[in-house]
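Architecture and fold: a report
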Amino acid sequence: MKLQQLARLLGYAGLIPFIVFSVATWISLPGVNDPHLILTSYAPMILAFMGAIHWGVAMSRESAIANAELGLSVLPALLAWLALLIPTLLAYGLLIFGFAVLYWADSYTNRWGILPEWYLPMRRGLTAVVLLCLFAAALALVTA
């Protein structure tokens, strides 16, 4: 399997918990007691993982931009950690902000021609679904 195909497969498979547990915030699913806890535990891990991509990209070259990107690459992990410590509704807001800003960072990095050409279109779709799921779950919390 080509790298691009595997990345897409793994990326889209990573959406399954977002979709399942955001749906579970609206309707009861067997065996799921606290979908908000599950979702606000899973999303920070993915946010931190996505930030690590920028760490890897920065380490692949030596420049002032790479140094700045290396420093900024730890921010998603810090936001993710903070999201684990704050009330659920605030965590949803912080996670939505984090994923949106990270997509912007991906777009910015993509302009340098460092990322594969297929990466940003894939990220656009993944990010859209993640943001929709997090927003839907936050809305379920507010309307409960």
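The text that follows walks through the structure, step by step, so that each part is easy to find. What you are looking at is a predicted structure, and each value in this text was computed from that prediction instead of being measured. The numbers attached to residues start from 1 for each chain and follow its sequence in the written order. Under the rules for a predicted model, residues below a pLDDT of 70 receive no local features and side-chain atom pairs below 80 are neither given nor counted, while totals for whole chains, interfaces and linings still include all residues. Values reported for side chains reflect all heavy atoms of the structure, with hydrogen atoms and water molecules removed beforehand.

The subject of this paragraph is the layout of surface pockets. The computed volume of the largest pocket comes to approximately 540 Å³. Any residue with an atom within 4 Å of a point lines the site, the site being either a cavity, points on a 1 Å grid over the protein atoms alone where a 1.4 Å probe fits but cannot get out, or a pocket, an open set with protein on both sides within 12 Å along at least 5 of 7 lines. In this structure, the largest pocket is lined by 23 residues; those nearest its centre are Gly11, Phe49, Met50, Ile53 and Met122. The way it works is that DSSP assigns letters per residue, a run of H or I at least four long becomes a helix, a run of E at least two long becomes a strand, and they are numbered from the N terminus. The set of elements that each furnish at least two residues to the lining of the largest pocket consists of α1 (3-13), α2 (15-24), α3 (35-59) and α7 (119-143). Counting residues per element, the lining of the largest pocket draws most heavily on α3, which supplies 6 residues. Grid points are joined across faces, edges and corners, and a volume is the space filled by probe spheres set on the points. In this structure, the second largest pocket spans a volume of roughly 360 Å³. Lining the second largest pocket are 18 residues, with His54, Leu72, Ser73, Trp104 and Ala105 positioned closest to its centre. Listing elements by their share of the lining of the second largest pocket, those giving two or more residues are α3, α4 (64-72), α5 (75-85) and α6 (88-110). Broken down by element, the residue count for the lining of the second largest pocket peaks at 7 residues, all from α6. Asp, Glu, Lys and Arg are counted as charged, while Ala, Val, Leu, Ile, Met, Phe, Trp, Tyr, Cys and Pro are counted as nonpolar; the rest, among them Gly, fall into the polar class. Its residues assigned to classes, the lining of the second largest pocket shows 13 nonpolar, 4 polar and 1 charged.

A word on α6. For α6, built from 23 residues, the straight-helix expectation of 33 Å at 1.5 Å per residue is met to within 8% by its first-to-last C-alpha distance of 32 Å. Residue exposure (1.4 Å probe, protein chains only): buried if accessible area is under 20% of the type maximum, exposed if over 50%, otherwise partly exposed. The set of residues buried in α6 consists of Ala91, Tyr92, Leu94, Leu95, Gly98, Phe99, Leu102, Tyr103, Asp106, Ser107 and Thr109. Packing partners of the buried residues in α6 comprise α2, α3, α4, α5 and α7. The span expected for a helix works out to 1.5 Å for each residue beyond the first. The contact rule is simple, with two residues in contact once any of their heavy atoms fall within 4.5 Å.

To continue, consider the packing of α6 against α7. Between α6 and α7, the shortest axis-to-axis distance is 10 Å and the interhelical angle comes to 165°. Considered as vectors, α6 and α7 are oriented roughly antiparallel to each other. Relative to α7, the crossing made by α6 is left-handed. Axes here refer to lines fitted to C-alpha atoms; in helices the fit is confined to the stretch in contact. Angles between the N-to-C directions go from 0 to 180 degrees. Oblique is the label for any angle not covered by the other classes, which are roughly parallel (under 35 degrees), roughly antiparallel (over 145) and roughly perpendicular (65 to 115). Crossing handedness is defined as follows: a turn of the near helix away from the far one that is anticlockwise and smaller than a right angle gives a left-handed crossing, while the clockwise case is right-handed.

So, on to a nonpolar patch on the surface. A residue counts toward a patch only above 30% relative accessible area and without a salt bridge, and it is joined to like-charged neighbours within 9 Å or, for Val, Leu, Ile, Met, Phe, Trp and Tyr, to nonpolar neighbours within 5 Å. Per-residue and other accessible areas follow the Shrake-Rupley method at a 1.4 Å probe size, with only the shown protein chains counted as cover for residues. Salt bridge, as used here: a side-chain nitrogen of Lys or Arg that lies within 4 Å of a carboxyl oxygen of Asp or Glu. A cluster of nonpolar side chains, Trp55, Met59, Leu72, Val74, Leu75, Leu78, Trp81, Leu82, Leu84 and Leu85, forms an exposed patch at the surface whose accessible area comes to about 1,000 Å². Residue assignment for the nonpolar patch shows that the elements contributing at least two residues are α3 and α5. In terms of residue count, α5 provides more of the nonpolar patch than any other element does, 6 residues in total. Residue position: Leu82 is located in helix α5.

Soluble globular proteins: nonpolar side chains tend toward being buried together. Of all hydrophobic cores here, the largest spans 29 residues; its most connected members are Phe18, Leu39, Phe99 and Leu134. For this core, the secondary structure elements donating two or more residues are α2, α3, α5, α6 and α7. The element contributing the most residues to this core is α7, with 8 residues. What Leu134 contacts, discounting residues up to four positions off in sequence, is Phe18, Leu39, Ala43, Tyr92, Leu95, Ile96 and Phe99. For the purposes of this section, nonpolar cores are sets of buried Ala, Val, Leu, Ile, Met, Phe, Trp, Tyr and Cys residues that join through side-chain atoms within 4.5 Å.

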